[in-house]
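Here's the letter readout for the chains.
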Amino acid sequence: MILTSQKRMDDSEGSPIGSSSRFTGTWAYASRLAALSEFSDVLAAYCLAMSRGAETSWPTEKVFMQRLRYMICYVLIGNEARWRRGEGEPPTLAALQRAAPASARQISSFVKDLRAGGYVEVVRADDARAIHLYASMALLQEIARSPLAFLEASERLAPTAPKLSARFRASAGDLSQFLGRSADGHEAEESLFKSFPRIVRVAEFDCGYSVLAAVFTAYYAATHRETPETALSYGHLSRRFRISRQHVANIFLGARREGWFTVRRGGREVNMSAAMVREFETWASGQMAHYRLLAEDIVGAG
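Fair warning: this is a prediction, and the values are worked out from it, not measured in the lab.

What counts and how
- Residues numbered from 1 in each chain as written.
- Predicted model: local features only at pLDDT ≥ 70, side-chain atom pairs only at ≥ 80, totals over all residues.
- Heavy atoms only, no water.
- Helix = DSSP H or I, 4+ residues; strand = E, 2+ residues; numbered from the N terminus.
- Buried < 20%, exposed > 50% of the residue type's maximum accessible area, 1.4 Å probe, protein only.
- Contact = heavy atoms within 4.5 Å.
- Areas by Shrake-Rupley, 256 points an atom, 1.4 Å probe, with all protein chains shown as cover.
- Expected span 1.5 Å × (residues − 1).
- Polar contact = N/O pair within 3.5 Å; in protein donor to acceptor, adjacent residues only side chain to side chain.
- Core = buried A, V, L, I, M, F, W, Y, C linked by side-chain atoms within 4.5 Å.
- Salt bridge = Lys/Arg side-chain N within 4 Å of Asp/Glu carboxyl O.
- Axes fitted to C-alpha atoms, helices over the stretch in contact; angles between N-to-C directions.
- Parallel < 35°, antiparallel > 145°, perpendicular 65-115°, else oblique.
- Left-handed = near helix turned anticlockwise from the far one by under 90°.
- Phe/Tyr/Trp six-rings, centres within 6.5 Å; stacked < 30°, edge-to-face > 60°.
- Lys, Arg positive; Asp, Glu negative; His and termini not counted.

**Q** Lay out the overall build of the protein in plain terms, naming residues and giving numbers.
**A** The number of helices and strands found in the protein is 16 helices and 4 strands. Counting the 302 residues in the protein, one finds 51% classified as buried. Once local pairs closer than 6 in sequence are excluded, the contacts in the protein between residues at least 24 apart make up 69%. Carbon and sulfur atoms form 48% of the exposed surface of the protein, whose accessible area is close to 13900 Å².

**Q** Go over unusual backbone geometry, please, and point to the residues and values.
**A** Between Ala 161 and the following residue, Pro 162, the backbone shows a cis peptide bond with an omega angle of -5 degrees. Looking at where Pro 162 falls in the secondary structure, it is placed in the loop between helix 8 (145–157) and helix 9 (164–170). Despite not being glycine, Cys 207 shows a phi value in the positive range, around 65 degrees. Mapped onto the secondary structure, Cys 207 falls in the loop between helix 12 (197–203) and helix 13 (208–223). Phi at Arg 242 is positive, roughly 60 degrees, even though this residue is not glycine. For Arg 242, the location among the structural elements is in the loop between helix 14 (234–241) and helix 15 (245–258).

**Q** Lay out helix 10 (residues 172–183) with the relevant residues and their values.
**A** For an α-helix the count is 3.6 residues per turn, leaving residues at separations of three or four pointing the same way. Between the first and last C-alpha of helix 10 there are 17 Å, a value that for 12 residues agrees with the 16 Å anticipated at 1.5 Å per step. Of the residues making up helix 10, those classed as buried are Asp 174, Leu 175, Ser 176, Phe 178, Leu 179, Gly 180, Ser 182 and Ala 183. Against the buried residues of helix 10 lie helix 4 (67–84), helix 7 (137–143), helix 8, helix 9 and helix 16 (274–301). For helix 10, the N-terminal cap is Ser 171; the gap from its side-chain oxygen to the backbone nitrogen of Gly 173 is 3.4 Å.

**Q** Lay out the nonpolar core in plain terms, naming residues and giving numbers.
**A** Counting 87 residues, the largest nonpolar core has Phe 178, Phe 216 and Phe 280 as its most contacted members. When residues in this core are grouped by element, the largest group, 11 residues, is from helix 16. Not counting chain neighbours up to four residues away, the residues in contact with Phe 178 comprise Pro 147, Leu 148, Leu 151, Phe 168, Tyr 291, Leu 294, Ala 295 and Ile 298.

**Q** Run through helix 2 (residues 39–50), naming residues and quoting values.
**A** Between its terminal C-alpha atoms helix 2 stretches 16 Å, which fits the 16 Å expected from 12 residues at 1.5 Å a residue. Restricting attention to buried positions, one finds in helix 2 the residues Phe 39, Val 42, Leu 43, Ala 44, Tyr 46, Cys 47, Leu 48 and Met 50. Buried-residue contacts for helix 2 involve helix 1 (26–35), helix 3 (60–64), helix 8, helix 13 and helix 16.

**Q** So what's going on with the pattern of salt bridges? Residues and values would help.
**A** For the structure on display, the rule yields 12 salt bridges. Here Arg 169 ties to Glu 152 by a salt bridge, and the two come within 2.9 Å at their closest N and O atoms. With Arg 169 in helix 9 and Glu 152 in helix 8, this pair connects stretches of sequence that are 17 residues apart. Among the residues examined, Glu 152 registers a relative accessible area of 24% and is labelled partly exposed. Across the pair Asp 297 and Arg 181 runs a salt bridge whose closest N-O atoms are separated by 2.3 Å. Taken as a pair, Asp 297 in helix 16 and Arg 181 in helix 10 lie far apart in primary sequence, 116 residues in all. On the accessibility criterion, Asp 297 (41% relative accessible area) is partly exposed. Under the relative-accessibility criterion, Arg 181 is labelled partly exposed at 25%.

**Q** Lay out the packing of helix 2 against helix 13 with the relevant residues and their values.
**A** The contact between helix 2 and helix 13 brings their axes to 8 Å, and the two run at 140 degrees. Between helix 2 and helix 13, the crossing angle belongs to the class labelled oblique. Considering only the axes of helix 2 and helix 13, their crossing is left-handed. Across from Ser 40, Leu 43, Ala 44, Tyr 46, Cys 47, Leu 48 and Met 50 in helix 2, the residues of helix 13 making contact are Tyr 209, Ser 210, Ala 213, Phe 216, Thr 217 and Tyr 220.

**Q** I'd like a description of the packing of aromatic side chains, backed by residues and values.
**A** Under the defined criterion, the tally for this structure stands at 13 aromatic pairs. Aromatic side chains Phe 216 and Phe 280 sit 4.1 Å apart centroid to centroid with 15 degrees between the ring planes, which places their arrangement in the stacked category. Residue Phe 216 is found in helix 13, and its partner Phe 280 is found in helix 16; the two are separated by 64 residues along the sequence. Of the two residues, Phe 216 and Phe 280, neither departs from the other in class, the shared state being buried.

**Q** For the side chain of Glu 155, give the residues involved together with the corresponding values.
**A** Along the polypeptide, Glu 155 turns up in helix 8. One buried charge, Glu 155, has no salt-bridge partner; the nearest side chain with opposite charge is Lys 163, at 4.5 Å. Discounting residues that sit within four places of it in the chain, Glu 155 has contacts with Thr 160, Lys 163, Leu 164, Ser 165 and Arg 292.

As structure tokens, then:
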């Protein structure tokens, strides 16, 4: 993903949104999306979508909504996508261990769990000497939850016909290319998170990003003087994301200690720091722009 410097958010301010293909660079387009009057409403809808618990037997929120495990899957998908295009090395466990930001033991253990859950398929190579790791549609859908939700958000701000997001939701091949191209040519850890230290810290918790999305859902509801659709009590969030009440408390305590946000009165009151809001909205506009430009590029080339 090409998110390298927040300074580019100010490039060429004041132009109409139009088609994203008119603009050069992710941040030039992101700045126009963020300047639209509907931006906060659309971002609130994204947060609500990301804070809804998954209805699966596997604890997917806990497994995939944690930065390290998400990045392992992200790199795995990128390895496979490059290999299928005839580029890069075979998508083996050893290749994943060399590229992903975790220890070899952590990666091996996590891949074992993914295989048991049906999220990774193991296929012997044609020469029968190597075993390849392929992402199942279930894994692609989990890792694409936020990217596709951001793409859909961009389509609400600047509509397309037909919807780009519908194409990628319908095809495992297209979705793999969509995620794989996002990973291409970049060190995933740096390009995804380098400029967003607060989001990085929250996302290091199990379900940290999901909890953050729930908090922002409540924040935007209060900003718009609406009744929040997301309850922030320890009990509600623990049931929704299948984590302990103490884990929710730890996330809230860490955020309060760092001065990011506070949740009071049993989750009925949210106070968000201006710095946290600014970082999250910058992050979000960049994500919308990145995935929109990427989707248009893929569709235009195919």
